[in-house]
Amino acid sequence: MSFTPHIPSSGVAGWNFLQSTYDRQYDAFIKSGQLKNDSEYFAENIGKVTSSDDLLNDRRLLQVAVKAFGLEEEINYRALLQRALNEGTSADDALANTMNDERYVDFSEAFGFGPGQSPMTGDKKAMQAVMDKFQSASFEEAVGEVDDTMRTALFAKRAMLEVFGEPDEDDVSQLSVKERALREFDLTLKEINGAEDGPQGVTSVEDQWKDIVQRDVLTDFFNTTLRLPPAAAGLEEDELIQTYRDRAMIVFGSDDPTVFFSADNKATIISGYKTRATVDGDLSEDIAKTATLAENILDQLVSRDAALNEEWDFISRQDPLADFMKVALDLPDDIAERPTSEAMRIYREKAIEEFGTDDPNIFASSDQLDATLAVYREKASAAGMRNSEISSNLRTVETIFEFSFDSTDVVDEDGENAAAAAEIDAGWYSIMGQTGVPRFLQTALDVNSALDAGEVFDDLTIDEQLTIYKDKATELFGTEDLNELTGPYQMGALSDAYRTNAEAAGESEFFITYYTQIAERELNTLFQTDDTDAEQEFEDALEELRTMNDEDDGPSASSQWFTIMGQQAMTDFMQVALGLPKEVGQMDIDQAVEVYKRKAKDVLGTDKPSEFIAGDKMDDLVNLYLTRAQMNSINSGYSSGNAALMMLRS
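All figures in this text were calculated on a predicted structure; none of them were measured in a lab.

**A few points about the overall build of the protein**
Here comes step 1: For the protein, the helix and strand inventory stands at 34 helices and zero strands.
Here comes step 2: The proportion of buried residues among the 650 residues of the protein is 44%.
Here comes step 3: Within the protein, residue pairs in contact and separated by at least 24 positions form 66% of the contacts whose partners lie at least 6 positions apart.
Here comes step 4: Of the roughly 32,900 Å² of accessible surface on the protein, 47% is carried by carbon and sulfur atoms.

Now the structure itself:
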């Protein structure tokens, strides 16, 4: 059974999902169906090939070979392929060198059948590289069957790295002054920031409350449920959070949202809010809206911690596992007597220290179980425990782990999709409960254009509003994810769309500016990191580095563009990403290169393709391609709601 790549949406949002799940989806793909069989056959038989005839006469091997280099359409042109292989690449008039197509050069060099060369088919490392290319190309093809723009983006990203490579960090002799400066800057930044993809840690109670107090609907919910006096609104954030926590301990018996809003407790909390709000005289429709929004937002805020706490609660109640963890994690003697929320945090923080993760489904999986058991063995031996007792305990724990926790490599697509969708929806629920943002987004997204005659947006149910918000955001900006919509690539266009539509509706300049400022501030607080100023400083510093020593061009930018334009797929990618008309392809090649260089300089800050792969440049380029490709597919009709599209096109 073959594996079909999953891409939940088009454009940048779909690309981000594909990138975040790439390794798991790719691994599942290459282990499935005919691809697995073809890969195994190639690995087992390519070493027996000693000539081009051997390769050409075995169609299964040849299919892998040509697809690895993008030549699958040439598989039936035996004479052409044989000449490319037998003539090699050392002579200027060799076929591969005269084709003006780097694919033939790479194909010929990979197998080494040319004059003066030694066959590479016996080199396992070289043939593994061919098989890796074959599998990557096959995955890209499968992705293309779901979304062809994603296939082009994947191919372009891979091709750029293959063509220009990633320079050896220790060898900068071939780099220009500017490139060396950029590389040093990038390395320094990584040292300052540390690893970006470290294990996800335990969310502290303090941080959870910091998230809560940024959301108007949650403060309304807790002000009512915890019976906070109106004067609390005037407190500083740290004082307000402490007040919430103190009251939560009294009312809920815990100040930990992960505990009091867990699956077992949240119904009681929501019921308490509704009762109190009714006593206060709030309108029933307002009570229902606040309760629904608060539940959806809080579910997302505490979901991961709550789910893992359940796993650890199970572990703490199984004597063999609890004893194992007490030794492996150096837990305090009174761990069993600690309050549940405190005990769970200790378990998880210690697990991150010892196992690198607080998720039992990871450290107890087949890939990591041996390392996990080794931690216990070392600690138990150091404590003087007998080897026989250690071995007996390990056998018991290993059996429980294998039975209780996920030990497969199967990609849980449904679970991942549901979690991603819930997170996106929770973002929209947050803005729906804010004071200033809804008016801004309703105008920017022109939600009224999605209503039937006589409908009023504010009178719709929360779910109906959510659907319109997401549909309009996807239609106009290519994403329903507010983290992307409010990021540096989209926020300016979003604000411009609001201004255009508000002016068309007769809104005054004062109120346009007022609501724009409120919305940008609230959206940045809710969806962007606290490092905005630091990011801007980084961008400013990077721009200064980009422009230094402009007279030092290093390797020729033009020659690099000639390389790209030797592959039609790469040319098409660049043309769309840079927003160039198709007519550029009909120009003289030297003129076309100058156009590409000027446009790349304007858009990316550099005209050298070798610099596109540095830092986030390649991701920027892919995002531009996907956004423009998606916009190109949208109908050309114009309305006030389409204003954002016109601005993005510019």
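Past the structure itself, the notes keep going.
**Considerations on the side chain of S108**
Here comes step 1: Residue position: S108 is located in helix 8 (residues 102–111).
Here comes step 2: Setting aside residues up to four positions removed in sequence, S108 forms contacts with A84, L85, G88, T89 and A96.

**Comments concerning the nonpolar core**
Here comes step 1: Counting residues in hydrophobic clusters, the biggest one holds 72 residues, and the most contacted among them are L55, F107, F111, W561, M574 and L621.
Here comes step 2: If one sorts the elements of this core by residue count, helix 9 (residues 124–146) sits on top with eight residues.
Here comes step 3: Non-local contacts of L621, meaning those with residues more than four positions away in its chain, are made with F573, M574, A577, L578, L604 and F612.
Here comes step 4: Of all hydrophobic cores here, the second largest spans 63 residues; its members include I269, I287, I462 and I512.

**Looking at helix 13 (residues 216–225)**
Here comes step 1: Most of helix 13 sits inside the fold, with seven of its 10 residues counted as buried.
Here comes step 2: Turning to helix 13, its buried residues are V217, L218, T219, F221, F222, T224 and T225.
Here comes step 3: Just beyond helix 13, the residue with positive phi is R227, at close to 60°.

**A few points about the confidence of the model for the protein**
Here comes step 1: Per-residue pLDDT for the protein averages 80, and the proportion of residues at 70 or more is 83%.
Here comes step 2: Below pLDDT 50 for its whole length, residues 167–178 participates in 23 contacts with residues either more than four positions away or in separate chains.

**Examining a negative patch on the surface**
Here comes step 1: Taken together, D220, D282, E285 and D286 make up a surface patch of like negative charges.
Here comes step 2: Within the element layout of this structure, E285 appears in helix 17 (residues 284–317).

**As for the packing of aromatic side chains**
Here comes step 1: Within this structure, the stated rule accounts for 29 aromatic pairs.
Here comes step 2: On the basis of an interplanar angle of 70° and a centroid distance of 5.7 Å, the ring pair of F107 and F111 is categorised as edge-to-face. With F107 and F111 both in helix 8 and four residues apart, the pair spans about one turn of that helix.
Here comes step 3: Taking the relative accessible area as the measure of exposure, F111 reaches 0% and is therefore buried.
Here comes step 4: Aromatic rings pair up to connect W209, F221, F222, Y244, F252, F260 and Y273 into one cluster.
Here comes step 5: Above the plane of the ring of Y41 lies R60, whose end atom (NZ or CZ) is 4.2 Å from the centre.

**Some words on a nonpolar patch on the surface**
Here comes step 1: Where nonpolar side chains cluster on the molecular surface, the patch consists of F510, F511 and Y514 and spans about 330 Å² of accessible area.
Here comes step 2: The residue F511 is located in helix 28 (residues 509–527) in this model.
Here comes step 3: Classification of F511 by relative accessible area gives partly exposed; the value is 36%.

**Notes on unusual backbone geometry**
Here comes step 1: The phi torsion at R227 lies on the positive side, around 60°, for a residue other than glycine.
Here comes step 2: Note that R227 resides in the loop between helix 13 and helix 14 (237–252).
Here comes step 3: For D330, which is not a glycine, the phi torsion comes out positive at approximately 55°.
Here comes step 4: Note on placement: D330 falls in the loop between helix 18 (319–328) and helix 19 (340–355).

**Observations concerning the environment of D282**
Here comes step 1: Mapped onto the fold, D282 is located in the loop between helix 16 (266–279) and helix 17.
Here comes step 2: Residue D282 is classed as partly exposed on the basis of its relative accessible area, which comes to 38%.
Here comes step 3: Discounting residues that sit within four places of it in the chain, D282 has contacts with A277 and I287.

**Topic: the pattern of salt bridges**
Here comes step 1: Tallying each qualifying case throughout the model produces 26 salt bridges.
Here comes step 2: A salt bridge links R348 to D305; the shortest N-O distance between them is 2.8 Å. Of the two residues, R348 sits in helix 19 while D305 sits in helix 17, which places them 43 residues apart along the sequence. With respect to burial, R348 and D305 carry one shared label: buried.

**Considering the environment of M570**
Here comes step 1: Mapped onto the fold, M570 is located in helix 31 (residues 568–577).
Here comes step 2: For M570, a relative accessible area of 4% translates into the label buried.
Here comes step 3: Taking C-alpha positions, M570 is 8.2 Å from F155, a pair spaced 415 residues apart along the chain.
Here comes step 4: M570 has contacts with F155, A156, A159, M160 and I564, leaving out every residue within four places of it along the chain.

**As for the packing of helix 13 against helix 17**
Here comes step 1: Direction vectors running N to C along helix 13 and helix 17 enclose 110°, while the axes themselves pass 9 Å from each other. Viewed along their axes, helix 13 and helix 17 adopt a mutual orientation that is roughly perpendicular. Of helix 17, the residues touching helix 13 (which contributes V217, L218, F221 and F222) are T290, L293, A294, I297, L298 and L301.
Here comes step 2: Counted by class, the contact of helix 13 with helix 17 contains nine nonpolar, one polar and no charged residues.

**Details of the packing of helix 2 (residues 22–30) against helix 9**
Here comes step 1: Interhelical geometry of helix 2 versus helix 9 gives an angle of 105° and a closest axis separation of 10 Å. Classified by the interaxial angle, the pair formed by helix 2 and helix 9 is roughly perpendicular. Only D132, Q135, S136, S138, F139 and A142 of helix 9 make contact with helix 2, whose side of the interface consists of Y22, Q25, Y26, F29 and I30.
Here comes step 2: Here the contact of helix 2 with helix 9 is built from residues that sort into six nonpolar, four polar and one charged.

**Digging into the environment of E480**
Here comes step 1: Note on placement: E480 falls in the loop between helix 25 (462–477) and helix 26 (482–485).
Here comes step 2: Along the backbone, E480 and G14 are 466 residues apart, and their C-alpha atoms lie at a distance of 10.0 Å.
Here comes step 3: If we ignore the near neighbours within four places in the chain, the residues touching E480 are I424, W428, K470, A473 and T474.

**With respect to the side chain of T219**
Here comes step 1: Take T219: it is sitting in helix 13.
Here comes step 2: According to the relative accessible area criterion, T219 is buried, its value standing at 13%.
Here comes step 3: A polar contact of 2.7 Å, which involves the side chain of T219, links it to the backbone oxygen of D216.
Here comes step 4: Not counting the four nearest positions on each side in its chain, T219 is found in contact with I212, V213 and Y244.

**As for helix 28**
Here comes step 1: Compared with the 27 Å implied by 1.5 Å per residue over 19 residues, the 26 Å span of helix 28 between its first and last C-alpha is a close match.
Here comes step 2: Buried within helix 28 we find I512, Y515, T516, I518, A519, E522, L523, L526 and F527.

Procedures and definitions
Residues numbered from 1 in each chain as written. Predicted model: local features only at pLDDT ≥ 70, side-chain atom pairs only at ≥ 80, totals over all residues. Heavy atoms only, no water. Helix = DSSP H or I, 4+ residues; strand = E, 2+ residues; numbered from the N terminus. Buried < 20%, exposed > 50% of the residue type's maximum accessible area, 1.4 Å probe, protein only. Contact = heavy atoms within 4.5 Å. Areas by Shrake-Rupley, 256 points an atom, 1.4 Å probe, with all protein chains shown as cover. Core = buried A, V, L, I, M, F, W, Y, C linked by side-chain atoms within 4.5 Å. pLDDT = per-residue confidence, 0-100. Patch = residues over 30% accessible without salt bridge, like charges linked within 9 Å, V, L, I, M, F, W, Y side chains within 5 Å. Salt bridge = Lys/Arg side-chain N within 4 Å of Asp/Glu carboxyl O. Lys, Arg positive; Asp, Glu negative; His and termini not counted. Charge placed at Lys NZ, Arg CZ, Asp CG, Glu CD. Phe/Tyr/Trp six-rings, centres within 6.5 Å; stacked < 30°, edge-to-face > 60°. Lys NZ or Arg CZ within 6 Å of the ring centre and 35° of its normal. Axes fitted to C-alpha atoms, helices over the stretch in contact; angles between N-to-C directions. Parallel < 35°, antiparallel > 145°, perpendicular 65-115°, else oblique. Nonpolar A, V, L, I, M, F, W, Y, C, P; charged D, E, K, R; others polar. Polar contact = N/O pair within 3.5 Å; in protein donor to acceptor, adjacent residues only side chain to side chain. Expected span 1.5 Å × (residues − 1).

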